[in-house]
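Structural characterization, general
Chain by chain, the residues run as shown.
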Amino acid sequence: RAETIVDAQIGYDFEGGALDGLSVYLQGQNLTNQPFVSQFDVPVAEAVIDNQEYGRRFLAGFTYRF
């Protein structure tokens, strides 16, 4: 079956001031939370070979350059 996987990331780099060199980010993976489904090419529910659900994943982090 077709699936749509959406990932997103946003970040910010601080320049100047006390936080100069600091970068922060927030990342989301598999935001649509769609399962991976394999099936035989027949139109019945019993034809599913594999059904895997991974769930959403969120990460946050930072780096510092000096």
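Numbering of residues starts from 1 in each chain and follows the order in which that chain's sequence is written. Reporting of local features is limited, given that this is a predicted model, to residues whose pLDDT is at least 70; pairs of side-chain atoms are given and counted only at 80 or more, and all residues count toward the totals for whole chains, interfaces and linings. The basis for every side-chain value is the complete set of heavy atoms in the structure, and neither hydrogens nor water enter the calculation.

**Some remarks on the overall build of the chain**
Note the following rule: Each helix is a run of H or I in the DSSP string that is no shorter than four residues. Each strand is a run of E no shorter than two, and both are numbered from the N terminus. Two things to know: the radius of gyration comes from C-alpha atoms, and the globule rule equals 2.2 Å times the number of residues to the power 0.38. Throughout, exposure labels follow a simple rule: accessible area from a 1.4 Å probe, protein chains only, divided by the maximum for the residue type, with under 20% read as buried, over 50% as exposed, and the rest as partly exposed.
Counting its secondary structure elements, the chain contains zero helices and five strands. Taken from N to C terminus, the helices and strands of the chain fall in the order β-β-β-β-β. Taken over the C-alpha trace, the chain has a radius of gyration of 20 Å; the compact-globule value for 66 residues is 11 Å, which it surpasses by more than 25%. By residue count, 14% of the 66 residues in the chain fall in the buried class.

**Observations concerning a nonpolar patch on the surface**
Inclusion rule: Residues form patches when they are more than 30% accessible in relative terms and have no salt bridge. Like charges link within 9 Å. Nonpolar side chains (Val, Leu, Ile, Met, Phe, Trp, Tyr) link within 5 Å. Shrake-Rupley sampling with a 1.4 Å probe provides the accessible areas, and residues are treated as covered by the protein chains on show and by no other component. Any Lys or Arg side-chain nitrogen located within 4 Å of an Asp or Glu carboxyl oxygen qualifies as a salt bridge.
Among the surface-exposed residues, Y12, V24 and F62 lie close enough to one another that they form a single nonpolar patch of about 330 Å² accessible area. Structurally, Y12 is set in strand β1 (residues 8-13).

**As for the environment of L19**
For L19, the location among the structural elements is in the loop between β1 and β2 (22-29). Taking relative accessible area as the criterion, L19 reaches 42% and is therefore assigned partly exposed. Expressed as a C-alpha distance, the spacing of L19 and V48, which sit 29 residues apart in the sequence, is 53 Å.

**Observations concerning unusual backbone geometry**
Even without glycine at this site, N30 takes up a positive phi of about 55°. With respect to the helices, strands and loops of the structure, N30 is situated in the loop between β2 and β3 (36-39). A relative accessible area of 10% places N30 in the buried class.

**Considerations on the sheet that holds strand β5 (residues 57-64)**
What links the strands of a sheet is backbone hydrogen bonding, and the strands pair in either a parallel or an antiparallel sense. This is how the line gets drawn: In short, DSSP must find at least two bridges between two strands for them to pair. As a rule, the C-alpha atoms of each element are fitted with a line to give its axis, helices using only the stretch in contact, and angles between N-to-C directions run from 0 to 180 degrees.
The three strands lie next to each other as β1-β2-β5, forming an open sheet whose pairing is antiparallel. Sheet topology places β1 and β5 at the edges, where each strand pairs with a single neighbour. Adjacent strand axes in the sheet meet at a mean angle of 10°, parallel and antiparallel pairs treated alike. Where β2 meets β5, eight bridges bridge the pair, whose relative direction is antiparallel. Within β5, the residue paired with Q29 across the bridge is R57.

**As for the side chain of S23**
As a reminder, the rule being used: Polar contacts here mean pairs of N or O atoms no more than 3.5 Å apart (in protein, one a potential hydrogen donor and the other a potential acceptor; neighbouring residues in sequence count only if both atoms are side-chain atoms). Contacts are assigned to residue pairs that have any heavy atoms within 4.5 Å of one another.
With respect to the helices and strands, the residue S23 is situated in strand β2. Exposure remark for S23: the relative accessible area of 8% places this residue in the buried category. Looking at S23, its side chain comes within polar contact range of the side chain of R65, at 3.2 Å. Ignoring any residue separated from it by four or fewer positions in sequence, one finds S23 in contact with Y12, D13, G61, F62, T63 and R65.

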